[in-house]
2 protein chains.
Amino acid sequence: MPRAGLDAEAVVTAAAELADTESLEAVTLARLAHRLGVRSPSLYGHIAGLDDLRRRLGARGARELAGALTVAAAGRSRLAALRAVAETYREYARSHPGTYAAMQRAPDDDSGEAASAGRELVAVIVAVLDGYALRGDEAIHAVRVVRAALHGFTLLESEGGFRLPISLEDSYQRLIGVLDRGLADGVFAG
Amino acid sequence: MPRAGLDAEAVVTAAAELADTESLEAVTLARLAHRLGVRSPSLYGHIAGLDDLRRRLGARGARELAGALTVAAAGRSRLAALRAVAETYREYARSHPGTYAAMQRAPDDDSGEAASAGRELVAVIVAVLDGYALRGDEAIHAVRVVRAALHGFTLLESEGGFRLPISLEDSYQRLIGVLDRGLADGVFAG
DNA sequence: TGACAAGCCTAAGAGCATTAGGTAAATTCC
DNA sequence: GGAATTTACCTAATGCTCTTAGGCTTGTCA
């Protein structure tokens, strides 16, 4: 009997493919094992179980997304940076819906990959906000507002919450505009 | 053997309690049946299965939330209305986390309770935006932006996405402020 | 070549949703 | 009041899921 030659990385990659082409719920150890040409108990040699797999998938997504956002923000500031980050954020969520869904459950502990990937994400947004010259707690509030807005839009979109035949692109531009105006015009204790 | 005297309403109510005190994932037919003093196949006399139960739970939540928002918005306009709706929205999600989670999967068809409850929700926000005098497509964009912002904040909060020890109330006020400014100041094609 | 670790296997248990078919209680009708 | 019917619940069984235990085989390294 030949070996499949798996490792944790390959398992998570297969899980990501399944999650993004079907859905996160479609990612079962049984289906994943079948896809990898292996029996499901064999997966336990690489991952600690289904929950662990979901955590790894979410952590990988957060890392990927943070990387993409960092690239998008590079060399830009204020509205240009905000727009680039927002577009990249939405694009990632659209093209990786299952992985994006896996990112949602917050990590249990503050150590570990998932948590540090989450911090990376926050750091990128902090960098974008730098141009708006926000200080102390106000910068935190601003990060929360921006995250909430991008996350909420993205989620409503991926869940099919927007049903009217009116341009989602236009709606998203309005959202970015609202954020920019709020950040620039002193809602955050200017 | 005495009867439990269940009906669909009672089953959904028990599911809501379980979802809101533990989590949506904790709502299994087995646990629900145990709680109601019944064997799980008996639930099929009242609901069509687990998916159907989740749909009903989400529909009930949307109806409840829409009702609460309608009350909150009554007699107010612009910032006062927006603030009242936003506070009520967040309060509902905080006190009914499981039900709120059940509301997220959009209904499959446009008929049925879940879809009409969703339309109610949108209608309330449309009413709030009336004071801002938005027309045509711009009103739709505005509804989407407001929904996305409230939804995103609420979800990040309930998933423990905000970890820093800085007031969430303050952050939410900033979010409301940003929305108000955007709605008032012509981001939506004034 | 022999020791050993790594990778995969089968077998088995427990929990889940769901369907099929039977029984007893409540309700309706005469 | 008693019979027929509907309603509410039951047990039994199927097939899926994750997960643990223990064994075999393949590859690596001294």
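Residues numbered from 1 in each chain as written. Chains lettered and ligands numbered in written order. Predicted model: local features only at pLDDT ≥ 70, side-chain atom pairs only at ≥ 80, totals over all residues.

Student: Teacher, can you tell me more about the protein's contact with DNA strand C here?
Tutor: Taken together, the neighbourhood of DNA strand C is formed by 24 residues, with Ala4 of chain A together with Thr28, Leu29, Pro41 and Gly49 of chain B sitting nearest. Counting only elements with at least two residues in the surface near DNA strand C, the list comes to α2 (29–36) and α3 (50–73) of chain B. Take the surface near DNA strand C: its biggest share by element is 3 residues, from α2 of chain B. (Near = placed C-beta within 6 Å. Helix = DSSP H or I, 4+ residues; strand = E, 2+ residues; numbered from the N terminus.)

Student: What am I meant to see in the protein's contact with DNA strand D here?
Tutor: In the vicinity of DNA strand D, 23 residues are found, and the nearest of them are Thr28, Pro41 and Gly49 of chain A together with Ala4 and Ser42 of chain B. Of all the elements in the fold, those that place two or more residues in the surface near DNA strand D are α2 (29–36) and α3 (50–73) of chain A. Here the surface near DNA strand D takes 3 residues from α2 of chain A, the largest share from any one element. Taken together, the residues of the surface near DNA strand D sort by class into 11 nonpolar, 6 polar and 6 charged. (Nonpolar A, V, L, I, M, F, W, Y, C, P; charged D, E, K, R; others polar.)

Student: What is the right way to look at unusual backbone geometry in this model?
Tutor: The general pattern is negative phi for most residues beyond glycine and trans for most peptide bonds. Residue and element names in this part refer to chain A. One non-glycine residue, Arg78, lies in positive phi territory at about 50 degrees. Within the secondary structure, Arg78 is located in helix α4 (residues 78–95). The partly exposed category is assigned to Arg78, around which 16 C-beta atoms lie within 10 Å. Phi at Ala133 is positive, roughly 55 degrees, even though this residue is not glycine. As for its position among the elements, Ala133 is in the loop between α6 (113–130) and α7 (137–158). On the neighbour-count criterion, Ala133 (13 C-beta atoms within 10 Å) is partly exposed. (Buried ≥ 20, exposed ≤ 12 C-beta atoms within 10 Å, placed from the backbone.)

Student: Help me understand the relation of the copies chain A and chain B, please; the structure alone is not making it clear to me.
Tutor: Applying a rotation about an axis and a shift along it to one chain copy brings it onto the other copy. Relative to chain B, chain A is turned by 180 degrees and slid 0.0 Å along the rotation axis, the superposed coordinates differing by an RMSD of 0.0 Å. Such a turn and shift between the copies fits a two-fold axis. Residue Gly152 of chain A, judged by its C-alpha, is the member of chain A lying nearest the rotation axis, at 1.8 Å. Here 100% of the contact residues of chain A are again contact residues in chain B; the copies associate through an equivalent surface. (Least-squares fit on C-alpha atoms with pLDDT ≥ 70 in both. Contact = placed C-beta atoms within 7 Å.)

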